[in-house]
Amino acid sequence: METIAGQIDASPMNQFLAPDLVMVEMAEVGAERALRRTVPEVIVLSMLAGAFIAVGALFSTLIATGTSNEGLQRLMEGFGFSAGFFIVVLSGTLLFTEVNVEMPATLLRCGTRTLAGRVGRLWVLAAFGNLAGAFLVGWAVHIAQSYSPGFEELLAEIVDAKMRYREVGGAGGWFQAVLSGVLGNWLVGMAAFLAVMGRTIIGKYIPVLLTVSAFVAAGFMHSPANMAYFSLATPEGIGPGWGPALAWSIAPAALGNVLGAFFLVALPFWVVNTRRQSDATVETAAE
């Protein structure tokens, strides 16, 4: 680009998308997925996403095995798990907790009755596809690989932590699990938000690494992550089995993830950006 003086403008291009445009782009991507993707395509993409998250769970457990320092162990788990999420981001596959931000953004921006049905279908298919993909990877790893007792011990610890609300029991325990899921998808939703903001590979990866590592270190509930760890543990005879896992870990986490993505990510940014656009319209009219 040339300046008025005829000189070359050497200023760098923007390295990120403006925050007020991120929700617009996420809404457009969500509408494209809801309207253009067929059911088989959605199933394949969501199974791939679940498989990638299972790889992230496997990586996180492997590299954290044998770490005696709790802080370092949580850091390694977060770093490993972020790899799975980042593969999802770059590959354009369908992860339930990422869809939790895209779909509300799509409905808030478009709001058509026909689109709402398509959005609901995509939402449900993404959840079941993620579970199926993680399940298949878990069994494939069980058949193909054998890891150290330390790996199984750490995996058992992670699974126990994800079932901790069953010990509380009752409505109180379920509420705590849902609330943890709300906090989990607040951070994972922001990871998706910031990944869209980034315009380069590094610009996308750094915020994903930071937010996902923070979520993992805090121990918040994340339904695809829970699916992944149970998929790795259950074939090894580790954990309570799929019934209790679905009832006390995956299901409440999924509900909390939906609420967290809507109320803590999609809605606030949509409200703020809609107001900014309205203010800009008023200022333009005044001029």
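All of these numbers come straight from a predicted model, not from anything done at the bench.

What follows covers the confidence of the model for the chain. Mean pLDDT over the chain stands at 89; residues scoring 70 or higher make up 89%. pLDDT under 50 marks residues 1-6. Its contacts with residues more than four places away, or in other chains, come to six contacts. Ignoring residues within four places in sequence, the model shows residues 278-287, a span with pLDDT below 50, making zero contacts including any to other chains.

Our next topic: the pattern of salt bridges. On inspection of all chains with the given rule, the structure shows five salt bridges. Note that Arg199 is salt-bridged to Glu25, the shortest N-O span being 3.5 Å. Placement of Arg199 in the loop between helix 8 (170-197) and helix 9 (201-218) and of Glu25 in helix 1 (residues 19-36) is noted, with a sequence separation of 174 residues between them. When its relative accessible area of 40% is taken as the criterion, Arg199 is described as partly exposed. In this structure, the salt-bridge partner of Arg37 is Glu41, at a minimum N-O distance of 3.9 Å. A relative accessible area of 35% means that Arg37 is categorised as partly exposed.

Now for a nonpolar patch on the surface. A contiguous nonpolar patch, built from Trp174, Trp186, Leu255, Leu259, Phe263 and Leu264 and spanning about 530 Å² of accessible area, is present on the exposed surface. When residues of the nonpolar patch are traced back to their parent elements, those giving at least two are helix 8 and helix 11 (242-286). Examining the composition of the nonpolar patch, we find that four residues originate from one element, helix 11, more than from any other. Examined against the element boundaries, Phe263 turns out to sit in helix 11.

Take the environment of Val42 next. Relative to the elements of secondary structure, Val42 occurs in helix 2 (residues 39-64). For the pair formed by Val42 and Ala126, sequence separation is 84 residues and the distance between their alpha carbons is 7.0 Å. With residues near it in sequence (within four places) discarded, Val42 still touches Arg37, Leu94, Leu122 and Leu125.

Moving on, we come to the environment of Arg74. In this structure, Arg74 sits in helix 3 (residues 70-91). Separated by 139 residues in the primary sequence, Arg74 and Ser213 have C-alpha atoms spaced 8.0 Å apart. Not counting residues within four places of it along the chain, the set of residues in contact with Arg74 comprises Val216, Ala217, Ala218 and Gly219. A polar contact of 2.5 Å, which involves the side chain of Arg74, links it to the backbone oxygen of Ala217.

Rules of the game
- Residues numbered from 1 in each chain as written.
- Predicted model: local features only at pLDDT ≥ 70, side-chain atom pairs only at ≥ 80, totals over all residues.
- Heavy atoms only, no water.
- pLDDT = per-residue confidence, 0-100.
- Contact = heavy atoms within 4.5 Å.
- Salt bridge = Lys/Arg side-chain N within 4 Å of Asp/Glu carboxyl O.
- Helix = DSSP H or I, 4+ residues; strand = E, 2+ residues; numbered from the N terminus.
- Buried < 20%, exposed > 50% of the residue type's maximum accessible area, 1.4 Å probe, protein only.
- Patch = residues over 30% accessible without salt bridge, like charges linked within 9 Å, V, L, I, M, F, W, Y side chains within 5 Å.
- Areas by Shrake-Rupley, 256 points an atom, 1.4 Å probe, with all protein chains shown as cover.
- Polar contact = N/O pair within 3.5 Å; in protein donor to acceptor, adjacent residues only side chain to side chain.

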